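Chain and residue survey
Residues per chain are reported as follows:
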Amino acid sequence: MKKILLIALSVIAFTACTKKDNEDTKHPKELQGTWVYEKSILPDGKLFSEITSSEQIECSKKTKYTFYGEFLTSEEHIFKGGNCQQNTASVKYFVENNKLCLESANGVVLKAYDIVSLTSTQFVFKYNSELKTFLYSQIPYDPDLKGKGYTIDDILNVTITYRKL
């Protein structure tokens, strides 16, 4: 009897959700707006800025993410070959089970970020394992970081904080 009651309550709760509720959770209002890089914390608690060059950090600080409706525009700045290089892209996004997912134009979905916390002023996340797999092949590993005792896994397991403009 308890199982039947539990199932009935689950069905009622599930059917009580409206499409509007679903859209609000897929594109949270707290996420809407422009976000800028603040800091990255390594698994050992050190700030990424403590182990890398000031040029790399200043370059990273130029990175912006703008969420509007169901779209995300990223203006990423990556320090590569001694220069701060900009890459801009716009994709559809949605949030599901505390994961920020990116959807390409051909409908391929990538679970990109695990959301650690989200408020109206601060967005904290980690790279999801799907994105890490992609990044392993894309990010050149800095031998200076190896000399400081950090692996590519350490770098990809950072906790990243952005603040809203």
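What counts as what
- Residues numbered from 1 in each chain as written.
- Predicted model: local features only at pLDDT ≥ 70, side-chain atom pairs only at ≥ 80, totals over all residues.
- Heavy atoms only, no water.
- Helix = DSSP H or I, 4+ residues; strand = E, 2+ residues; numbered from the N terminus.
- Buried < 20%, exposed > 50% of the residue type's maximum accessible area, 1.4 Å probe, protein only.
- Phe/Tyr/Trp six-rings, centres within 6.5 Å; stacked < 30°, edge-to-face > 60°.
- Salt bridge = Lys/Arg side-chain N within 4 Å of Asp/Glu carboxyl O.
- Disulfide = S-S within 2.5 Å.

**A closer look at unusual backbone geometry**
Backbone geometry at asparagine 97 places phi at a positive 50 degrees, although glycine is not the residue there. Within the secondary structure, asparagine 97 sits in the loop between strand 4 (83-96) and strand 5 (99-103). When its relative accessible area of 68% is taken as the criterion, asparagine 97 is described as exposed. The backbone of asparagine 98 sits at a positive phi, close to 60 degrees, despite the residue not being glycine. Residue position: asparagine 98 is located in the loop between strand 4 and strand 5. With relative accessibility at 52%, the residue asparagine 98 sits in the exposed group.

**Topic: the packing of aromatic side chains**
Using the criterion set out here, one finds ten aromatic pairs in the structure. Feature note: the residues Trp35, Tyr37, Tyr65, Phe67, Tyr93, Tyr113, Phe123, Phe125, Tyr127 and Tyr162 constitute an aromatic cluster, connected by ring pairs.

**Observations concerning the pattern of salt bridges**
For the structure on display, the rule yields four salt bridges. Here glutamate 38 makes a salt bridge to arginine 163, at a shortest N to O gap of 3.8 Å. Of the two residues, glutamate 38 sits in strand 1 (residues 33-41) while arginine 163 sits in strand 8 (residues 159-164), which places them 125 residues apart along the sequence. Looking at arginine 163, the relative accessible area reads 38%, which means it is partly exposed.

**A few points about the state of the cysteines**
Overall, the coordinates contain one disulfide when judged by the stated rule. The residue that forms a disulfide with cysteine 59 is cysteine 84, at a sulfur-sulfur distance of 2.1 Å. Between cysteine 59 and cysteine 84 the sulfur-sulfur dihedral comes to about 85 degrees; the bridge is accordingly right-handed. You can see cysteine 59 sitting in helix 3 (residues 54-60) and its partner cysteine 84 sitting in strand 4, a full 25 residues away along the chain. Given the relative accessible area of 2%, cysteine 59 is considered buried.

By themselves, these figures tell us nothing about what the structure is for.
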